[in-house]
Amino acid sequence: MVKTAKPAKPESSGLAIGLNKGFIVTRREMPQKPSHMKGRNSKRNMLVKEVIREVVGYAPYERRMLELIKIGSASTFKRSLKLAKRRLGTHKRGKKKRDEMSEAVSAMRRKG
């Protein structure tokens, strides 16, 4: 999940009504919260995930997705998204997993 910074609020007008209503104050630059660092990939985490993937392999639904993607038609590509959505819960997670699996298929084709 990618977190984006909030857009800067426009300067207050000093009036009690309107779009930019409110008391005029000087804005302070706050340091970044440690909680905003959550989910970032470090080199170490990437290596750990890669080793785990090599050792453990793919889950049964991921293997099924790989087979559907290998077929290569548009309908099976869509079917793999539907399968991922059912297993992972959201459309966004399903799309991410499908992209990950298609990347794995292309890596297999490059390898051998």
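Please read all numbers here as calculations on a predicted model, not as lab measurements.

On to the overall build of the protein chain. Each helix and strand in the protein chain was counted, giving 4 helices and 0 strands. Each principal axis of the C-alpha atoms in the protein chain carries an extent, and together these give about 65 × 35 × 25 Å. Put simply, 37% of the contacts in the protein chain that link residues at least 6 apart link residues at least 24 apart. Taken as a whole, the protein chain presents about 10,200 Å² of accessible surface, with 58% of it coming from carbon and sulfur. Between the mean site of the 31 positive side-chain charges and the mean site of the 9 negative ones, the protein chain shows a separation of 7 Å.

With that out of the way, let us pick up a nonpolar patch on the surface. A grouping of Leu 47, Val 48, Val 51, Ile 52, Val 55 and Val 56 is seen on the molecular surface, where their side chains present a nonpolar patch of about 570 Å² in accessible area. Following the sequence through the fold, Val 48 ends up in helix H1 (residues 43-56).

Below, the discussion takes up the environment of Ser 42. Examined against the element boundaries, Ser 42 turns out to sit in the segment before H1. Here Ser 42 falls in the partly exposed class, since its relative accessible area comes to 33%. Separated by 11 residues in sequence, Ser 42 and Pro 31 place their C-alpha atoms 21 Å apart.

Taken as a whole, this structure holds 6 salt bridges when the rule is applied. Of the charged contacts, one joins Lys 97 and Glu 100 as a salt bridge, the two residues approaching to 3.6 Å between their closest N and O atoms. With Lys 97 and Glu 100 both in helix H4 (residues 91-111) and 3 residues apart, this pair spans about one turn of that helix. Since its relative accessible area comes to 35%, Glu 100 is described here as partly exposed. Within the structure, one salt-bridge network assembled from shared partners comprises Arg 53, Glu 62, Lys 97 and Glu 100.

A separate point is the packing of helix H3 (residues 74-88) against H4. Axis separation between H3 and H4 bottoms out at 8 Å; the angle between their running directions is 125 degrees. Classified by the interaxial angle, the pair formed by H3 and H4 is oblique. Crossing of H3 against H4: the hand is right-handed. Of H4, the residues touching H3 (which contributes Phe 77, Lys 78, Ser 80, Leu 81, Ala 84, Lys 85 and Leu 88) are His 91, Arg 93, Gly 94, Lys 95, Lys 97, Arg 98 and Ser 102. For the contact of H3 with H4, the per-class residue count stands at 4 nonpolar, 4 polar and 6 charged.

One can find Leu 66 in helix H2 (residues 60-71). Taking relative accessible area as the criterion, Leu 66 reaches 5% and is therefore assigned buried. Taking the C-alpha atoms as reference points, Leu 66 and Glu 29, separated by 37 residues in sequence, lie 47 Å from one another. Look past the residues within four positions of Leu 66 in its chain and what remains in contact with it is Tyr 58, Met 101, Ala 104, Val 105 and Met 108.

Turning to the side chain of Ser 80, a few remarks are in order. Mapping Ser 80 onto the fold places it in helix H3. Overall, the relative accessible area of 0% leaves Ser 80 in the buried class. Every residue in contact with Ser 80, bar those within four places of it in the chain, is listed here: Met 65, Leu 68, Ile 69 and Arg 98.

Here is what the cut-offs are and how they apply
- Residues numbered from 1 in each chain as written.
- Predicted model: local features only at pLDDT ≥ 70, side-chain atom pairs only at ≥ 80, totals over all residues.
- Heavy atoms only, no water.
- Helix = DSSP H or I, 4+ residues; strand = E, 2+ residues; numbered from the N terminus.
- Contact = heavy atoms within 4.5 Å.
- Areas by Shrake-Rupley, 256 points an atom, 1.4 Å probe, with all protein chains shown as cover.
- Lys, Arg positive; Asp, Glu negative; His and termini not counted.
- Charge placed at Lys NZ, Arg CZ, Asp CG, Glu CD.
- Patch = residues over 30% accessible without salt bridge, like charges linked within 9 Å, V, L, I, M, F, W, Y side chains within 5 Å.
- Salt bridge = Lys/Arg side-chain N within 4 Å of Asp/Glu carboxyl O.
- Buried < 20%, exposed > 50% of the residue type's maximum accessible area, 1.4 Å probe, protein only.
- Axes fitted to C-alpha atoms, helices over the stretch in contact; angles between N-to-C directions.
- Parallel < 35°, antiparallel > 145°, perpendicular 65-115°, else oblique.
- Left-handed = near helix turned anticlockwise from the far one by under 90°.
- Nonpolar A, V, L, I, M, F, W, Y, C, P; charged D, E, K, R; others polar.

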